[in-house]
Amino acid sequence: MEEAKNTSKDSEPDDPAPQNNFLSSAKDFFLEVSLLSNFTLRFFREVFFPRYEFNELIKQCYRVGYRSLPLVGITGFIMGLVLTIQSRPTLAEFGAESWLPGMVAVSIIREIGPVITALICAGKIGSSIGAELASMRASEQIDAMQVSGINPFKYIVITRIAATTLMVPILVIFSDVIALFGSYAGVNIKGDVNFHLFFAQVFNILKFSDVFPAVIKTFFFGFAIGLIGCYKGYNSNEGTEGVGISANSAVVMGSLLIFIIDMIAVQVASLFM
Amino acid sequence: METTLPTNTDQPKNQANVKSAEMALEIKNLQKSFANKSVLKDISLTLTKGENLVVLGKSGSGKSVLIKCIIGLIEPDGGSLQVLGKNISELDDKGLNDLRKKVGFLFQSAALYDSMTVRENLEFPMRELRMKESERLELVKEALTNVGLAEAINKMPSELSGGMRKRIGLARTLILKPEIMLYDEPTTGLDPITSKEISQLIMDIQKRLNTASIIITHDIACAKITANRILVIRDGVCAAAGTFTELQASQDPWIHSFFEL
Ligand SMILES: Nc1ncnc2c1ncn2[C@@H]1O[C@H](COP(=O)(O)OP(=O)(O)OP(=O)(O)O)[C@@H](O)[C@H]1O
Ligand SMILES: [Mg+2]
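Residues numbered from 1 in each chain as written. Chains lettered and ligands numbered in written order. Predicted model: local features only at pLDDT ≥ 70, side-chain atom pairs only at ≥ 80, totals over all residues. Heavy atoms only, no water.

## So, the domain arrangement of chain B
All names here are of chain B.
- For chain B, the assigned domains read domain 1 (22-102 + 178-191 + 203-261) and domain 2 (117-177).
- Domain 1 puts 12 residues into the contact, and the matching count from domain 2 is 10 residues.
- Taken together, the links from domain 1 to domain 2 amount to one salt bridge.
- Among the ionic pairs, Lys101 bridges to Glu128, the shortest N-O distance being 3.2 Å.
- One can count three residue pairs in polar contact (both at pLDDT 80 or more) joining domain 1 with domain 2.
- When residues of the side of domain 1 that touches domain 2 are traced back to their parent elements, those giving at least two are strand S7 (180-184) and helix H7 (192-209).
- With three residues, H7 is the single largest residue contributor to the side of domain 1 that touches domain 2. (Domains from an automatic or database assignment. Contact = heavy atoms within 4.5 Å. Salt bridge = Lys/Arg side-chain N within 4 Å of Asp/Glu carboxyl O. Polar contact = N/O pair within 3.5 Å; in protein donor to acceptor, adjacent residues only side chain to side chain. Helix = DSSP H or I, 4+ residues; strand = E, 2+ residues; numbered from the N terminus.)

## Considering the pattern of salt bridges
- Inspection of every chain in the model, using the stated rule, returns 27 salt bridges over all chains.
- A salt bridge links Arg229 of chain B to Glu51 of chain B; the shortest N-O distance between them is 2.7 Å. You can see Arg229 of chain B sitting in strand S9 (residues 229-234) and its partner Glu51 of chain B sitting in the loop between strand S2 (37-48) and strand S3 (52-57), a full 178 residues away along the chain.
- Across the salt bridge formed by Arg119 of chain B and Glu133 of chain B, the nearest N and O atoms sit 3.2 Å from each other. Of this pair, Arg119 of chain B sits in helix H4 (residues 118-123) while Glu133 of chain B sits in helix H5 (residues 133-146), and the two are 14 residues apart along the sequence.
- Arg119 of chain B sits in the partly exposed class, given a relative accessible area of 23%.
- Through salt bridges with shared partners, a single network forms among Glu56, Arg63, Glu132 and Arg160 of chain A. (Buried < 20%, exposed > 50% of the residue type's maximum accessible area, 1.4 Å probe, protein only.)

## Looking at the nonpolar core
- Grouped together as the largest cluster of nonpolar side chains are 82 residues, with contacts concentrated most on Leu25, Leu45, Ile70, Val83, Ile180, Leu182 and Ile214 of chain B.
- Of all the elements, helix H7 (residues 152-190) of chain A adds the most residues to this core, at 12 residues.
- When neighbours within four sequence positions are excluded, Ile180 of chain B is seen to be in contact with Ala24, Leu25, Leu47, Val83, Leu84, Lys102, Val103, Gly104 and Ala212 of chain B. (Core = buried A, V, L, I, M, F, W, Y, C linked by side-chain atoms within 4.5 Å.)

Quick look at the structure:
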């Protein structure tokens with residue numbers, strides 16, 4: 001029965017063969033942008049009004065945040081370690097090895113930490129949200145919520161977007177800290193810098209203007225990851241086949257959006273600092 | 001609950017005829033098309049309180065679309081839909097949600113929430129009602145007992161068989177004691193014994209709660225047990241209507257073929 005339904009849906013005529021490929025893909029692009037904008041607007045229209053789904057929010061925060069700690073921690077450590085090892089020869093050429101901790105810390109906290117962690121989250125969290133929502137759509141669970149008089153957008157979408165918006169910054173800070181320990185390990189492979197000296201050098205160089213904009217932009221990263229995952233999953237309409245498509249496009253579009261936000265954030269931050 | 005309803009399948013209909021004012025559902029000239037493909041062309045039907053209406057039709061004839069229009073999951077292109085005296089298209093979000101709490105919908109796929117236990121699944125429709133934890137649990141247990149699955153309360157949906165999922169789905173829909181029930185193929189994919197149990201359950205619900213029901217089915221045995229009246233949809237219009245025996249005796253070979261075993 002299910003199968004019959006799916007095939008009948010698939011066999012439905014798509015748009016007639018496109019006359020002009022460029023025009024039709026441009027049309028698709030603008031259609032996608034307008035749908036996504038609508039989805040975002042709906043989020044802001046509904047997020048401030050009750051009913052608030054706190055229990056579900058906590059559950060999602062646990063899933064998004066706590067469950068990602070090991071992955072984010074390991075990648076953070078490797079990131080700090082590798083960056084330190086790679087930077088050492090260049091600095092040594094200038095006889096500036098003592099700058100190593102500070103320089104690595106600045107690049108991790110300003111740029112590499114937030115972006116790498118956000119990309120990992122787009123891969124882990126974005127795809128799982130996309131797949132989960134798409135399978136809820138395919139198995140009519142979203143319709144079932146609606147039918148029982150409960151707003152599925154509030155229960156499913158808003159809680160997940162809120163959870164990623166709140167948790168990704170925490171994951172980034174966690175990863176930054178672990179990366180600094182990784183860097184400390186990297187420094188001590190060849191040199192001998194004690195713990196106090198290392199962190200004294202780091203905090204000597206780090207300024208408020210390094211940390212603050214970097215943390216602010218991670219909220220936008222988190223929002224983008226949740227938004228794209230939910231948008232792709234919630235609007236999936238291709239049955240079970242849509243699950244893979246949604247997960248995949250959530251990662252692709254989420255990662256792209258992270259770079260775009262990063263670019264905008266650099267411009268905006270340079271206006272103020 | 002304690003209304004004394006006749007057990008005989010023919011009687012609710014007669015009773016309904018007497019109190020013709022008690023209309024649960026009235027659909028006039030409903031139309032719906034998807035991407036230039038007309039699915040429902042002109043459907044009109046009425047459903048009185050306490051009546052079981054079985055809808056027959058070929059696969060893909062738009063039966064699911066019809067009942068999804070009734071609950072507002074699909075917006076019709078034309079026609080009017082009066083559900084419990086309210087015009088669906090004129091309701092705002094809140095009105096629609098309030099109405100939906102009085103209408104139960106059993107999905108073709110049961111649509112249990114995968115990430116929740118059976119108990120959480122059943123509690124979900126009640127989450128906006130103010131009630132004590134213990135009362136909630138009582139209702140859940142009662143609903144599960146009614147479908148004969150009291151022991152499944154702490155299971156996850158993935159641990160259940162297809163028939164059990166259907167019954168849990170039914171329990172979840174019934175927990176709010178709906179005034180109208182919409183069943184989308186309640187017995188499809190089940191063995192004859194379980195099918196019969198579900199059909200009996202549908203009759204039981206009609207008796208206990210005096211619900212008006214629309215039952216979509218391909219299962220003629222289920223139709224025979226549950227139907228007070230049968231409606232056949234063909235090419236987006238109502239092709240025939242009548243009681244089981246009337247339609248079974250139909251001269252039209254197409255309609256008759258539904259009733260062949
Ligand atoms: N959301 C949708 N978008 C586009 N077309 C749809 C949609 N829902 C249903 N259809 C189309 O409407 C037609 C009727 O579908 P419907 O699910 O109502 O059939 P049905 O009578 O319930 O069949 P079955 O007995 O197999 O469940 C199908 O051709 C289907 O392709
Ligand atoms: Mg159907």
